[in-house]
Amino acid sequence: MPAGAPCSLFLASLFLLRAWAQGFGQTRFICTSVPLDMDMCTSSLQGGGTAEELKSTVLQLRETVLQQKETIMNHKETIRELTTKLGRCESQSSLETGPSEPKTGGGASRKQNGASKNTMGDLSRAPAAETLSQLGQTLQSLKTRLENLEFSRLNSSGQTGNLKDMLQTKIDDLEKQVLSRVNNLEEGKLNPKNESEERSKIESTLTSLHQRISDLEKGQKDNRPTDKFQLTFPLRTNYMYAKVKKSLPEMYAFSVCMWIKSNASPGVGTPFSYAVPGQANELVLIEWGNNPMEILINDKVAKLPFAINDGKWHHICITWTTRDGVWEAYQDGTQGGHGENLAPYHPIKPQGVLVLGQEQDTLGGGFDATQAFVGELAHFNIWDRKLSPGEVYNLATCSTKAPAGNVIAWAETNIDVYGGATKWTFEACRQLN
């Protein structure tokens, strides 16, 4: 080793040690005076050290610096993980702050990205205050319905009081469950397994409670026609939906009509979706993000000229024939758009699953909360033919001449509801008449 090497190594080690000391806590240095005409390295050697000892000291210092560097890298990784977790927490305080993902090819891009998504936590996309407000509104609506029930129609006043107390207790318990879940989420106490169990409990309680109240209301309205009801989806979730008990036959033409009311933004979501084995987008109506409403047939897309998210009831109809893929769109009885080449010569396949309120990524499931319908829906009917403009107008004006769907007719016995979606009395036609 050259004569000046130990000195250079020693000086370098001093600089490294100084830099390390500045970044990592308090460090004490011992200074020794050196005459102006004496070499620093010589002075150090005369102090009792040897070249080998200096070399050993430098190597030890170098090892210390490398260890501290590794510690810094570990701290950086920890900071990165904490930053990611903080970002997730902040994302829960804004509802879908990112720009809407373009939906091309009728959702084909979603399918290519993988199979169905697990979105059990999608309810937390909404701000905590807004989520609590929405849940509070749902619970309050249940209380109102409960209070408005005419219990005097039941057999005895004693049974009436007991039943009312039981239902009221269920509502109170549900409120406590919701508040407890929100508090646990805010404190970070719930792990994914516990959160899933809590969600299942709340869903089960909601469904049971709605069913009991609906049964009571139904008992009061035995004389009401079975089609005078509407479905309500108050929250954008991946578990509130309704399922049509009957599937569709093979169809070479169709007309699908419904009453719809929503003020959801961005996009009202998916009023209905029909999936068959091997094709989740066999027949879908969806307004997703900032895109216009679209009708999908066998994953082919046509944009519709509907403007319905103003919080008012609107009647919409879409007709289609497989020959040349000709389609027409009606809003409130008036044709507003038409086109062709929409899945031409492709018949609608039979033996599928028809869902109201959710878009299916798999047969009967794979729901995504961001595409869920929020609002109210009624008089959903399907025909295996193209309706005439006059027939559509009769439907939109609630005429007694309005035809019922010959494939799917709107009736309470044909619809099952899940996850807290509710059935109410339909009022739109009464307002028109």
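Here the residue index of a chain counts from 1 through its sequence in written order. The predicted nature of this model means local features are confined to residues of pLDDT at least 70 and side-chain atom pairs, given and counted, to a pLDDT of 80 or more, with totals for whole chains, interfaces and linings taken over all residues. Side-chain metrics in this entry use all non-hydrogen atoms of the structure; hydrogen atoms and water are not considered.

Undergrad: Describe in detail the sheet that holds strand β1 (residues 229–233), supporting the description with residues and values.
TA: One bridge is not enough; two strands pair if DSSP finds at least two bridges between them. A run of DSSP states H or I qualifies as a helix once it reaches four residues; a run of E qualifies as a strand once it reaches two. Both are numbered from the N-terminal end. In spatial order, the strands read β10-β9-β8-β3-β12-β1-β14; together these seven strands make up an open sheet with antiparallel pairing. The open sheet terminates on both sides in strands that have one partner only, identified here as β10 (334–339) and β14 (422–425). Neighbour-to-neighbour, the strand axes of the sheet open up by a mean angle of 25°, direction not taken into account. When strand β8 (residues 313–321) meets strand β9 (residues 326–331), the two strands line up antiparallel, connected through six bridges. As a rule, the C-alpha atoms of each element are fitted with a line to give its axis, helices using only the stretch in contact, and angles between N-to-C directions run from 0 to 180 degrees.

Undergrad: For the state of the cysteines, give the residues involved together with the corresponding values.
TA: The disulfide criterion used throughout: a pair of cysteine sulfur atoms within 2.5 Å. Throughout the structure, instances matching the rule amount to two disulfides. Residue pairing for Cys 257: its cysteine sulfur links by disulfide to Cys 317, the two sulfurs lying 1.8 Å apart. The S-S bond linking Cys 257 to Cys 317 shows a torsion near 115°; that makes this disulfide right-handed. Of this pair, Cys 257 sits in strand β3 (residues 253–261) while Cys 317 is found in strand β8, placing the two residues 60 residues apart along the sequence. Both residues of the pair, Cys 257 and Cys 317, count as buried. Two residues share a disulfide in this structure: Cys 398 and Cys 429, whose sulfurs sit 2.0 Å from each other. An S-S torsion of about -75° defines the bridge between Cys 398 and Cys 429 as left-handed. In this pair, Cys 398 is assigned in the loop between α8 (389–396) and β13 (415–418) and Cys 429 in helix α9 (residues 428–432), connecting sequence segments 31 residues apart. In terms of burial, Cys 398 and Cys 429 fall into one category: buried. Only protein chains enter the accessibility calculation, which uses a 1.4 Å probe; a residue is then buried when its area is under 20% of its type maximum, exposed when over 50%, and partly exposed in between.

Undergrad: Can you lay out the packing of aromatic side chains for me, pointing to particular residues and giving the numbers?
TA: Pairing of aromatic side chains requires ring centres within 6.5 Å, counting the rings of Phe and Tyr and the six-membered ring of Trp. Pairs whose planes differ by under 30 degrees are stacked, by over 60 edge-to-face, and all others tilted. For the structure shown, the criterion picks out eight aromatic pairs. Aromatic side chains Tyr 241 and Tyr 418 sit 4.9 Å apart centroid to centroid with 20° between the ring planes, which places their arrangement in the stacked category. Of this pair, Tyr 241 sits in strand β2 (residues 241–244) while Tyr 418 sits in strand β13, placing them 177 residues apart in sequence. When its relative accessible area of 17% is taken as the criterion, Tyr 241 is described as buried. With relative accessibility at 31%, the residue Tyr 418 sits in the partly exposed group. Members of the aromatic cluster, connected to one another through ring pairs, are Tyr 241, Phe 367 and Tyr 418.

Undergrad: With reference to specific residues and values, describe the environment of Asp 384.
TA: Note on placement: Asp 384 falls in the loop between β12 (375–383) and α8. Each C-alpha atom of the pair Asp 384 and Ile 348 lies 9.9 Å from the other, and the pair is 36 residues apart in sequence. Contact definition: two residues touch when any of their heavy atoms are within 4.5 Å. Excluding residues within four positions of it along the chain, Asp 384 makes contact with Met 251, Ala 253, Phe 254, Asn 406 and Val 407.

Undergrad: Residue-level account of the pattern of salt bridges, with values.
TA: We define a salt bridge as a contact between a side-chain nitrogen of Lys or Arg and a carboxyl oxygen of Asp or Glu at a distance within 4 Å. Counted under the stated rule, the structure contains five salt bridges. Between Lys 261 and Glu 376 there is a salt bridge, with the nearest N and O atoms lying 3.7 Å from each other. With Lys 261 in strand β3 and Glu 376 in strand β12, this pair connects stretches of sequence that are 115 residues apart. In this structure, the salt-bridge partner of Lys 303 is Glu 294, at a minimum N-O distance of 3.0 Å.

Undergrad: Any chance you could break down α8 for me, citing the residues and the numbers?
TA: The complete set of buried residues in α8 reads Val 392, Leu 395 and Ala 396. Down the axis of α8, the buried side of the element spans an arc of 95°, and every buried residue falls inside it. Within two residues after α8, Cys 398 carries a phi angle of roughly 55°, on the positive side. Comment: arc refers to directions from the helix axis out to C-beta atoms.

Undergrad: Quick rundown of the environment of Val 417? Include the residues and the values.
TA: The topology assignment puts Val 417 in strand β13. As a C-alpha pair, Val 417 and Leu 231 span 186 residues in sequence and 8.5 Å in three-dimensional space.

Undergrad: Please provide a residue-by-residue account of the confidence of the model for the chain, values included.
TA: pLDDT: the predictor's confidence for each residue, scored from 0 to 100. Per-residue confidence for the chain averages 75 on the pLDDT scale, and 53% of its residues sit at or above 70. Below pLDDT 50 for its whole length, residues 93–127 participates in 72 contacts with residues either more than four positions away or in separate chains. This stretch, residues 150–158, has a pLDDT under 50; its non-local contacts, to residues over four places away or in other chains, come to 10 contacts.

Undergrad: Outline the side chain of Asp 368, listing residues and values.
TA: With respect to the helices and strands, the residue Asp 368 is situated in the loop between β11 (353–356) and β12. Within polar-contact distance, the side chain of Asp 368 engages the side chain of Thr 370 at 2.9 Å. We define a polar contact as two N or O atoms separated by no more than 3.5 Å, with the added condition that, inside protein, one atom must be a possible hydrogen donor and the other a possible acceptor, whereas residues neighbouring each other in sequence contribute only through side-chain atom pairs.

Undergrad: Let's hear about the nonpolar core: which residues, and what values?
TA: Counting 53 residues, the largest nonpolar core has Leu 248, Phe 272, Ile 295, Leu 356 and Phe 380 as the members making the most contacts within it. With sequence-adjacent residues up to four places away left out, Phe 272 is seen in contact with Val 256, Met 258, Leu 283, Val 284, Leu 285, Ile 295, Leu 354, Val 355, Leu 356, Gly 357, Gln 358 and Phe 380. Within this scheme, the nonpolar core is defined by two criteria: the residues are buried Ala, Val, Leu, Ile, Met, Phe, Trp, Tyr or Cys, and they are joined through side-chain atoms within 4.5 Å. Counting seven residues, the second-largest nonpolar core is a separate cluster that includes Cys 317, Leu 387, Val 392 and Leu 395.

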